Amino acid sequence: MVYKIFDEVGLFKSFDIPIAPFIRYFTALERGYIDLPYHNKIHAADVLHACYFLTTQAVPGLIQINESVRIINDRIPLNPYQYSLKFSLNNSEVYGCTGANFTPLELLALYCSAAMHDYEHPGRNNQFLVTINSPLALLYNDRSVLENHHASSSWLLLKSDPRFNFLTGLDSTEWKKFRYLILENILATDLSKHFSIIAEFNLKANINPKRTGILQKSVIPFDFDSGIDWTSESDRLLCSQMILKLADINAPLKDKELHVQWTHRIVQEFYQQGDEELSRGMPISPYMDRRKPQVAKLQENFIHNLVGTLCNAYTHAGLLPGVLIEDSDSTGT
């Protein structure tokens, strides 16, 4: 999947990425995902695909930034812009796509972050690792333990063998920036930071709905004058983090059958942690006691507190792909 995405978007050409090292690294990365019910290589692929979708599909009302920002250091402009331009030419509304508002390096970092973001996940959450004084918790001082490990270990894998280095086309400045973006993206997936990131994004987006349309049969308010400054590196990084976060917890946005499958997967992984907590004489964490299943309540809280707040912020900022149809009530027809 990662090969197809890089090829489709134009990253191979933009960064002169050699194919053999690229295949070696991502094959090794895939093998580092443990065979867990939820945090496995399928989840990594799913998150990567969601990031691709959110950055390449047409977004109603999104204005593309100017050429001087999209083309950095003579890098070749990427393909997503062509998708949105073609869509806009065939419709009365203006359409854009978020991927075209990122620099090529930022888009490269986002897709790599998605592939790396749960590398070597042990199937236990941060609180469990901290409570048992695990080596990882001690190494990272109890702070974003898993996220630090995913970022660090996937980076160490890249540096462990020169045959893995698919980034020979990056100069030293780009390499440093690429590493920074990878770390910031992956660390943002720590759910303990969820509400602070949402609050920062809402403040940046200056959400102030001015127009109502129908997006995929749902009435959605849009702010066509979003406060996000796409010429700002910090604003683009925040949007990149939001995209990865939304991709990471996108299961409730899927068809019911897929949502149910992913729900059963996370529940089984939770029960495995609960079993270990029981064997250690620890209090069993909420929703992790297989003797007292609370699947419906788990999903209600997950959707209401995490997925819902993220989707509302992202949608109201006018960044969700889709087709905008005028509300018949607003036109009087």
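Residue positions within a chain follow its written sequence, with the count starting from 1. Totals for whole chains, interfaces and linings use every residue, but because this is a predicted model, local features are given only for residues with pLDDT of at least 70 and side-chain atom pairs only at 80 or more, for both listing and counting. Side-chain measures were taken over the full set of non-hydrogen atoms in the model, leaving aside hydrogen atoms and water.

### Side note on the packing of aromatic side chains
Then, in step 1: In this analysis, rings of Phe, Tyr and Trp, with Trp reduced to its six-membered ring, are considered paired at centre separations within 6.5 Å, and the interplanar angle assigns stacked below 30 degrees, edge-to-face beyond 60, and tilted for intermediate values. One pass over the full model with this rule turns up 18 aromatic pairs.
Then, in step 2: Look at phenylalanine 12 and phenylalanine 22: their rings are 4.9 Å apart centre to centre, the planes differ by 75 degrees, and that puts the pair in the edge-to-face class. A residue pair is termed long-range when its members are at least 10 positions apart, and phenylalanine 12 in helix α2 (residues 11–15) and phenylalanine 22 in helix α3 (residues 19–31) qualify at ten residues.
Then, in step 3: The interplanar angle of 50 degrees and the centroid separation of 4.8 Å between the aromatic rings of phenylalanine 22 and phenylalanine 26 together place this pair among those described as tilted. Within this pair, phenylalanine 22 and its partner phenylalanine 26 are both found in helix α3, separated by four residues, close to a single helical turn. When sorted by exposure, phenylalanine 22 lands in the same class as phenylalanine 26, which is buried.
Then, in step 4: Among the aromatic residues, those joined into a cluster by ring pairs are Tyr3, Phe6, Phe12, Phe22, Tyr25, Phe26, Tyr111, Phe164 and Phe166.
Then, in step 5: To sit over a ring, a charge needs its Lys NZ or Arg CZ within 6 Å of the ring centre and within 35 degrees of the ring normal. It is arginine 265 that lies over the ring of tryptophan 262; its NZ or CZ is 5.4 Å from the centre. The way it works is that DSSP assigns letters per residue, a run of H or I at least four long becomes a helix, a run of E at least two long becomes a strand, and they are numbered from the N terminus. Only protein chains enter the accessibility calculation, which uses a 1.4 Å probe. A residue is then buried if its area is under 20% of the maximum for its type, exposed if over 50%, and partly exposed in between.

### Considering helix α15 (residues 295–316)
Then, in step 1: Between its first and last C-alpha atoms α15 spans 29 Å; for 22 residues at 1.5 Å apiece the expected length is 32 Å, and the two agree.
Then, in step 2: Along its length, α15 shows its largest kink, about 40 degrees, at valine 307.
Then, in step 3: For α15, the full list of buried residues reads Leu298, Gln299, Leu306, Val307, Gly308, Leu310, Cys311, Ala313, Tyr314 and Thr315. One less than the residue count of a helix, multiplied by 1.5 Å, gives the span that helix is expected to have. For a residue, the bend is simply the angle between two axes, fitted respectively to the seven-residue segment ending there and the seven-residue segment starting there.

### Re the pattern of salt bridges
Then, in step 1: Salt bridge criterion: a side-chain nitrogen from Lys or Arg within 4 Å of a carboxyl oxygen from Asp or Glu. Counted under the stated rule, the structure contains ten salt bridges.
Then, in step 2: Here lysine 204 ties to aspartate 235 by a salt bridge, and the two come within 3.0 Å at their closest N and O atoms. Linking lysine 204 in helix α12 (residues 194–205) with aspartate 235 in helix α13 (residues 233–248), this pair joins segments that are 31 residues apart in sequence.
Then, in step 3: Using a relative accessible area of 5% as the deciding quantity, one classes aspartate 235 as buried.
Then, in step 4: Between arginine 280 and glutamate 276 there is a salt bridge whose closest N-O contact spans 3.0 Å.
Then, in step 5: Three or more residues joined by partner-sharing salt bridges are found here, namely Arg124, Glu276 and Arg280.

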